[in-house]
Amino acid sequence: MIRIILVLAYLLLAPFLGALLDGLDRIISARMQRRRGPSLFQPFYDLGKLFSKELITVNNVQLLLNMSYLVILMIAGAMLFAGADLLMVLFILSTADMFLIMAASSDSSPYANMGASREMLQMMAYEPLTLLVAVGFYLTTGSFHVGDIINAPVSAVVFMPGLLVGFMFTAAIKFRKSPFDLSTSHHAHQEMVKGLTTEMSGMTLAIMNIAEYYEKILLFGIFCLFFVNSTWWSWVAAIVVCGVIFFMETLWDNVSARVKWKTLLYSCWVVTLVAGGVNILILMLDK
Amino acid sequence: MIPLLIGIPVLLAVMFQVVRNEKARGYIVYAGAGIVMLTTIVFIVRWIQDGARTWEFYISTGLIAHLMTAGDIILMCLIIYMSIKYGKVLPILLSAAQTALVLYIEFTVEITEGPHIMVDWLTILMCIIIACIGGFICIYTVGYMKGYHNHHKEVKDRQPFFFSMLFLFLGAMFGLVLSQNLIWIYFFWEITSVISFLMIGYTRTDEAIHNSFMALWMNLLGGLGFAIAIALMAVMHGTVQLSDVVGIGELLPLLCLALAGLTKSAQLPFSTWLLGAMVAPTPSSALLHSATMVKAGVYLLIRISPALEGNLVGIIISSIGGFTFIMASMMAIAQNDGKKVLAFSTISNLGLIVGCAGIGVEETVWAAIFLMIFHSVSKSMLFQSVGATENTLGSRDIEDMHGLIIRVPKLAYIMGIGIAGMYLAPFGMLISKWVALKAFVDSGNFVLVLCIAYGSATTMFYWTKWLAKLLCYHIPRETVEDVTNKDEYVSMFFHAVLMLLLCLLLPLVAIWVVNPIVRELFGNSTDVLSMSVLTTMAIMLISIFIVPVVMFFISRRSHSELVPIYMNGINEGDNRFFLNSYGEKEHLYLSNWYLRFEFGRRHLRVPSIILAAAILVLGFCLVIGGVS
């Protein structure tokens, strides 16, 4: 019963929560830059505007691919909140991303293609760590199932701090935060316009934004998994920690400059190996 | 039945030498492929009617054994003749050494007789793969070779020879998987090596000859390992049954057999030969170098895998497999030749299967068999579609496949399904990966866990960029005419449908095929994945499959205005041209990203070969030195 509620809550509320977080992010960023910033509800106004626009596209498949991206992301998120298999969630998440890449590269546009290539590279950078995170949960709780992970007597983070650090590091890619916002960014990109989303407009872009909100909440859900255990207050703690992580990502976004792709790939892989790999090794030896 | 399975293809092979008319040959191929498939089906039905028990035949053999001895000698003579003709030394030495060794053992050592032929679930699965995929590839070949010789005028037309080799190969593969006696397996093993050598050299260019000899000596090295394993088993235990090798579990024979398996399935440090083999016409790449012959290597490893659990040989094999998985997938990133990418991906996927077999527990073998099934189907489909595309476009460069979905939609869909089958969520590869990862963690193999984590990421990169290239919507520079023949499409559609069915019926495949194999190999009755888990996974995956279809219909309802793409405001009319800095019209050209300087073969090949060879040599030293 509670699972159904959670899934429904995710499907209905995640875009709102994601948009609110986005608005909050913009306010925090603005304050860090001694600006006033937009209203908290600016993302909603933006979405409304995008939906009201006349549909202009460069080809007939982009909308279809973007909608598939959204729905598959929703499936992945729903599976996470339904307590299903974490590894499968991650696999489906990467399949969803594949649709975004296809959408961007389907238009033969130079900027969007460049963005799509960079998105692939980003996937290659973060993928090893996400798989290791799933392995880490399996080693600590004996199951890939989210339902079992949240009922563990001790929070997983006790056994996998390295993986948490690694996940925080690579999550910047997923949140599209500087220094890892190579494929597209919330800030102006000089060398490749808007990257991945260059050719998306109106409803197509709105759908992509909503999907990103779903993804954001999904990722915070995985962050929560690190902290949640069978006690009720662990949920509170998890949400507080997610807030801290959110703030740190925003801070990082504002204090760092975008890096080159090599730095991105190698730093992510090295962090995966050092923080994630060593953590897994210790867990495996301990078993 | 069994003589028929081996005999019919051999008979057909002889027929192609007699019938020289092209049309007649085509019909014989269609009929022949049909007969081979039909025989296999009848054979399987009879076996199942018999209760699906393990059948054992030919306890004592008279004439056949002598014929095989003669065959071994003929093969050796052929290799020596070819080597002398092209001035190579190494193949002569290797071939003479192993043939002499096997003959010596056969005539001097007293060997207890056992069944020479055995039919069990794994054999049946291999027979299905050989008959169905092999049969359809033969049908494909008829149309392909016509197109090939239209496209390559400089190559001498030796089609009768090619078809003979194709069918002879099918016969040899049936023999290989049906045999239980090591000397018999060795005989068929050698035949496949030689056929592969002859097919790679089909065009007789310098490159082809060089590559074919490379394939020959590496496979003969594996054959030598096989011969040594036979000798060791015969001398020390007086038996040459494969099941006894597993039962006794002595490390050195196991390692020698594993060496043969590694060379055959082109694992590092021997992977160079498979890349070189890509000069051969595409059907041989599809049949020998991805769907069946290289599977003989992993077939042997799966057979001996119960004896590999937790010992030194198992560790060596699984580390080489895992290492090959990641290195080959990294090198695939830097390739723009379609067939080269497929070759690297074959090596890499076989690496994963070898890694699974090396761990040697039920879960990993379960995953290995699944991977083998899916890989056979989708890789053979990919090779065929790349071959057909090459005949149509005149190039197999992935860059030239830009927007294939507009130019040759049918081929693009087939290729797309093949690529998706290799790594995307609705297809079974992922479930096998899921099980493999879980089993690697359970067996405590840290290195393999890392290999699979990084290897999946690199695998994703090279497939995605190929898929993205296919799906680019743009106005083609020039229209091309699809010259693909009907029979080619028949084969490719069969593969595509098979792929989709395998995806939909995954739980049934698990119950009816894979679980019995695992049960037989390990002799207990627990299922690796429970039915409920499998079904939920399958349903989940299928739901993903439906999404794009539904979205297709929804998005069609919206009316949109088409506009040109953004090119900084310097578009010239349509999406194809822009204004360059001289004020002239310039063609827009989009290229994929190959990371050549980071992942190129130049940088990675030599170090990875050295490392893998070091692991292997170290392994041999330790095993011979008696460490267990």
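Novice: Break down the overall build of chain B for me, with residues and values.
Specialist: Each helix and strand in chain B was counted, giving 25 helices and 6 strands. The C-alpha atoms of chain B give 25 Å as radius of gyration, which agrees with the globular expectation for 628 residues (25 Å, within 12%). Scored against the burial criterion, the 628 residues of chain B give a buried share of 57%. Intrachain contacts of chain B at a sequence separation of at least 6 include 82% that bridge at least 24 residues.

Novice: A description of the overall build of chain A should follow, citing residues and the corresponding values.
Specialist: Counting secondary structure elements, chain A contains 10 helices and 1 strand. Ordering the α and β elements of chain A from the N terminus gives α-α-β-α-α-α-α-α-α-α-α. Compactness check: chain A gives a C-alpha radius of gyration of 19 Å against a globular reference of 19 Å for 287 residues, within 12% of the reference. Relative to its 287 residues, chain A shows a buried fraction of 56%. For chain A, the proportion of contacts with a sequence separation of at least 24, taken over those separated by at least 6, is 75%.

Novice: Lay out the interface of chain B and chain A with the relevant residues and their values.
Specialist: Across the contact, 49 residues belong to chain B and 50 residues belong to chain A. Taken together, the elements giving at least two residues each to the side of chain B that touches chain A come down to helix H19 (429-442), helix H20 (446-470), helix H23 (531-557) and strand S3 (561-562) of chain B. Counting residues per element, the side of chain B that touches chain A draws most heavily on H20 of chain B, at 14 residues. Grouping the constituent residues of the side of chain B that touches chain A by class yields 35 nonpolar, 12 polar and 2 charged. Direction of pairing for strand S1 (residues 56-57) of chain A relative to S3 of chain B: parallel, over a ladder of 2 bridges. Paired with Ile56 of chain A across the bridge in S3 of chain B is Glu561 of chain B.

Novice: Give a description of the domain arrangement of chain B that names residues and reports values.
Specialist: Residues and elements named next belong to chain B. Split into domains, chain B comes out as domain 1 (1-307) and domain 2 (318-562 + 593-605). The centre of domain 1, based on its C-alpha atoms, is set 26 Å off from the matching centre of domain 2. Taken together, the contact between domain 1 and domain 2 spans 39 residues of the former and 46 residues of the latter. Contributing elements (two or more residues each) for the side of domain 1 that touches domain 2: helix H5 (121-151), helix H11 (272-276), helix H12 (282-291) and helix H13 (293-304). Here the side of domain 1 that touches domain 2 gets 16 residues from one element, more than from any other, and that element is H5.

Novice: Please give an account of the packing of helix H10 (residues 261-286) of chain A against H20 of chain B that cites residues and values.
Specialist: Helix-helix packing is described using two parameters, namely the angle between the two axes and the distance between the axes. Following both chains from N to C, one finds H10 of chain A and H20 of chain B inclined at 145°, their axes separated by 10 Å at the closest point. Between H10 of chain A and H20 of chain B lies a crossing of right-handed hand. Across from Gly277, Ile280, Leu281 and Met284 of chain A in H10 of chain A, the residues of H20 of chain B making contact are Phe446, Val449 and Leu450 of chain B. Broken down by class, the residue content of the contact of H10 of chain A with H20 of chain B amounts to 6 nonpolar, 1 polar and no charged.

Novice: If you had to explain the environment of Ile369 of chain B to someone new, which residues and values would you point to?
Specialist: With respect to the secondary-structure elements, Ile369 of chain B resides in helix H16 (residues 362-393). On a C-alpha basis, the gap between Ile369 of chain B and Ile48 of chain B in space is 20 Å, while along the polypeptide they are 321 residues apart.

Novice: Please set out the sheet that holds strand S5 (residues 574-579) of chain B residue by residue, giving values where relevant.
Specialist: All names here are of chain B. The strand order across the open sheet formed by 3 strands is S4-S5-S6, and the pairing between neighbours is antiparallel. Looking at the sheet topology across the chains shown, the edges are occupied by strand S4 (571-572) and strand S6 (585-587). Both S5 and S6 contribute to a ladder of 3 bridges, which runs antiparallel. Paired with Phe578 across the bridge in S6 is Glu586.

Novice: Go over helix H7 (residues 161-174) of chain A, please, and point to the residues and values.
Specialist: All names here are of chain A. The terminal C-alpha atoms of H7, which comprises 14 residues, lie 20 Å apart, in line with the 20 Å expected from a rise of 1.5 Å per residue. Burial runs high along H7: 10 of the 14 residues are buried. Those residues of H7 not exposed but buried are Gly162, Leu163, Leu164, Gly166, Phe167, Thr170, Ala171, Ala172, Ile173 and Lys174.

Novice: Describe the nonpolar core, and please don't skip the residues or the numbers.
Specialist: In terms of nonpolar packing, the biggest core is built from 332 residues, with Ile72, Ala76 and Ile92 of chain A together with Ile230 of chain B touching the most fellow members. Tallying contributions element by element places H5 of chain B first for this core, with 20 residues. For this core, the two domains that each supply at least three residues are domain 1 (1-307) and domain 2 (318-562 + 593-605) of chain B. If we skip the residues at most four places from it in the chain, Ile230 of chain B touches Val102, Ile105, Leu182, Ile183, Tyr186 and Val240 of chain B.

Novice: Account for the pairing of S5 of chain B, with residues named and values stated.
Specialist: Residues and elements named next belong to chain B. The sheet contact formed by S4 and S5 spans 2 bridges and is antiparallel. Note on S5: the bridge partner recorded for Asn571 is Phe578. Taking the residues between adjacent antiparallel strands as the criterion, S4 and S5 are bridged by 1 residue, where Gly573 takes a positive phi near 80°. The hairpin turn running from S5 into S6, its antiparallel successor, is 5 residues long, and Gly583 in that turn takes a positive phi close to 80°.

Novice: If you had to explain the environment of Gly243 of chain A to someone new, which residues and values would you point to?
Specialist: Residue and element names in this part refer to chain A. Structurally, Gly243 can be placed in helix H9 (residues 233-255). Exposure remark for Gly243: the 13 C-beta atoms within 10 Å place this residue in the partly exposed category. When the C-alpha positions of Gly243 and Phe220 are compared, they lie 9.2 Å apart, and in sequence the two are 23 residues distant.

Novice: Please give an account of the packing of helix H5 (residues 110-141) of chain A against H20 of chain B that cites residues and values.
Specialist: In contact at an axis separation of 9 Å, H5 of chain A and H20 of chain B are set at 155° when each is read in the N-to-C sense. Compared by their axis directions, H5 of chain A and H20 of chain B come out roughly antiparallel. For the pair H5 of chain A and H20 of chain B, the sense of crossing is right-handed. For the pair H5 of chain A and H20 of chain B, the contacting residues are Ala116, Ser117, Met120, Met123, Met124, Glu127, Pro128, Leu131, Leu132 and Val135 of chain A in the first and Val449, Ala453, Tyr454, Ser456, Ala457, Thr458, Met460, Phe461, Thr464, Lys465 and Ala468 of chain B in the second. Tallied by class, the residues present in the contact of H5 of chain A with H20 of chain B amount to 15 nonpolar, 4 polar and 2 charged.

Definitions and cut-offs
Residues numbered from 1 in each chain as written. Chains lettered and ligands numbered in written order. Predicted model: local features only at pLDDT ≥ 70, side-chain atom pairs only at ≥ 80, totals over all residues. Helix = DSSP H or I, 4+ residues; strand = E, 2+ residues; numbered from the N terminus. Rg over C-alpha atoms; globule rule 2.2 N^0.38 Å. Buried ≥ 20, exposed ≤ 12 C-beta atoms within 10 Å, placed from the backbone. Contact = placed C-beta atoms within 7 Å. Nonpolar A, V, L, I, M, F, W, Y, C, P; charged D, E, K, R; others polar. Pairing = 2+ DSSP bridges. Domains from an automatic or database assignment. Axes fitted to C-alpha atoms, helices over the stretch in contact; angles between N-to-C directions. Left-handed = near helix turned anticlockwise from the far one by under 90°. Expected span 1.5 Å × (residues − 1). Core = buried A, V, L, I, M, F, W, Y, C linked by C-beta atoms within 7 Å. Parallel < 35°, antiparallel > 145°, perpendicular 65-115°, else oblique.

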